[in-house]
Amino acid sequence: MTAEASAPAKAILFGEHAVVYGQPAIAVPISGLRAFASVQPSSAGLRITAADLDIPVNIDAESVDNALALTAKLVLKALGVSPPQVTIAIRSDIPIASGLGSGASVATALARALCQAVGARLSESALNEMIYEVEKIHHGTPSGIDNTVIVYERPVYFVRGQPLETLTIGAPFSLIIADTGKSASTRDAVAGVRELYDSDPAGVQALLDAIGALVIRARAAIETGQVVDLGELMTSNHQLLRKLTVSSPELDNLVSAALDAGALGAKLSGGGRGGNMIALVTPETRTQVAAALTLAGAVHTITTEVR
Ligand code: PMV
């Protein structure tokens, strides 16, 4: 018997970084871009394989610093079962270290596949808490937005530590996600903002408050289908993220290229300093914006509809 599970990528539309300090943020799943985990019988205990990895899982180990092994350990512990005799093979279409939630998505797919392998179920809220623990390995002090949008696979309005709020999309809209080709560490970017905050608490708090206010307006624009307003808010959010020092010349260049080609708005998405940017497009501007982004140096573009 074989089984397969999957989980989506995600994009943060508004509020990254400020969300770490308690401001709201908005994120959407990218259902067309996924991580998969498939289960095959094995006679060598529980193993997890990925592109260039083959990890035996020892759930009795005291400390587990590999995210995949930790995921398996947490799932088996929560279910109170012993490791099944299976190999779980991971494959993912999501670029790593580029702000699309690859780590949380891979862990979610793995956890779901492992549940199938032992014939048990975990509630989404239990799974979400587990993936949050795994995210700490990647990010240190994650806000929890990545695991939440990925586990529930719904657009979310997220405030750290508060119950999940899903968003209603007033009118579907399209995003182009463009990759700078430069991977960047979210952990380092978050630490950079922390240093900035410590050096000028009042100045940085004003930027964080401005982002929070903008996220509240963005929520209203999304729920009422005001795409022009939404675009303007995205670009304003990018300007505030630049002030938080988490943009990069490549990201700024792609944002300008998208706006010049007619995008309604554009911003970096996720940890920044590399990784991906997102541009809001209409059916009329979509092709020209994607072409302009490629010409400006994007190594990869993906179009996704938010509905
Ligand atoms: O780089 P990503 O996609 O994992 O996004 C990180 C989002 C931050 O707000 C910068 C950090 C966090 O934990 O929310």
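Note: the structure precedes this text.
(A) Main features of the overall build of the protein chain. Each helix and strand in the protein chain was counted, giving 9 helices and 11 strands. Rg of the C-alpha trace for the protein chain: 19 Å, near the compact-globule value of 19 Å for 307 residues, within the 12% margin. On the principal axes, the C-alpha backbone points of the protein chain span a range of 60 × 40 × 35 Å. When the 307 residues of the protein chain are sorted by exposure, 54% land in the buried category. Considering only contacts within the protein chain whose residues lie at least 6 apart along the sequence, 73% involve residues at least 24 apart. Just so you have it, the protein chain exposes about 12700 Å², and 51% of that area is on carbon and sulfur atoms.

(B) View of the pairing of strand S5 (residues 86-92). Here strand S2 (residues 25-41) pairs with S5 via 7 bridges, running antiparallel. Bridge pairing in S5 places Pro 41 opposite Val 86. As paired elements, strand S3 (residues 47-50) and S5 share 3 bridges and run parallel to each other. Residue pairing for S5: Arg 47 is matched across the bridge by Thr 87.

(C) Here's a closer look at the pairing of S3. For S3 and strand S4 (residues 53-56), the ladder comprises 4 bridges, and the chain directions are antiparallel. Looking at S4, one finds that Ala 50 is bridged to Leu 53.

(D) Structural context of the environment of Ala 78. Tracing the backbone through its elements, the reader meets Ala 78 in helix H1 (residues 67-79). In the structure, Ala 78 is positioned 52 residues away from Met 130 in sequence and 9.1 Å away in space, judged by C-alpha atoms. Excluding residues within four positions of it along the chain, Ala 78 makes contact with Leu 122 and Met 130.

(E) Looking closely at the sheet that holds strand S9 (residues 265-269). Read across the sheet, 4 strands follow the order S9-S10-S8-S11 without closing on themselves; strand pairing throughout is antiparallel. Of all the strands in the sheet, just S9 and strand S11 (300-306) have a single pairing partner and so form its edges. Strand-to-strand twist across the sheet, computed as the mean angle between neighbouring axes with direction ignored, equals 25°. Here strand S8 (residues 173-179) pairs with strand S10 (residues 276-281) via 6 bridges, running antiparallel. Paired with Ile 176 across the strands is Ala 279, a residue of S10. Packing of helix H7 (residues 227-243) onto the sheet brings it into contact with S8, S9 and S10, and relative to S9 it is tilted by some 45°.

Rules and cut-offs
Residues numbered from 1 in each chain as written. Predicted model: local features only at pLDDT ≥ 70, side-chain atom pairs only at ≥ 80, totals over all residues. Heavy atoms only, no water. Helix = DSSP H or I, 4+ residues; strand = E, 2+ residues; numbered from the N terminus. Rg over C-alpha atoms; globule rule 2.2 N^0.38 Å. Buried < 20%, exposed > 50% of the residue type's maximum accessible area, 1.4 Å probe, protein only. Contact = heavy atoms within 4.5 Å. Areas by Shrake-Rupley, 256 points an atom, 1.4 Å probe, with all protein chains shown as cover. Pairing = 2+ DSSP bridges. Axes fitted to C-alpha atoms, helices over the stretch in contact; angles between N-to-C directions.

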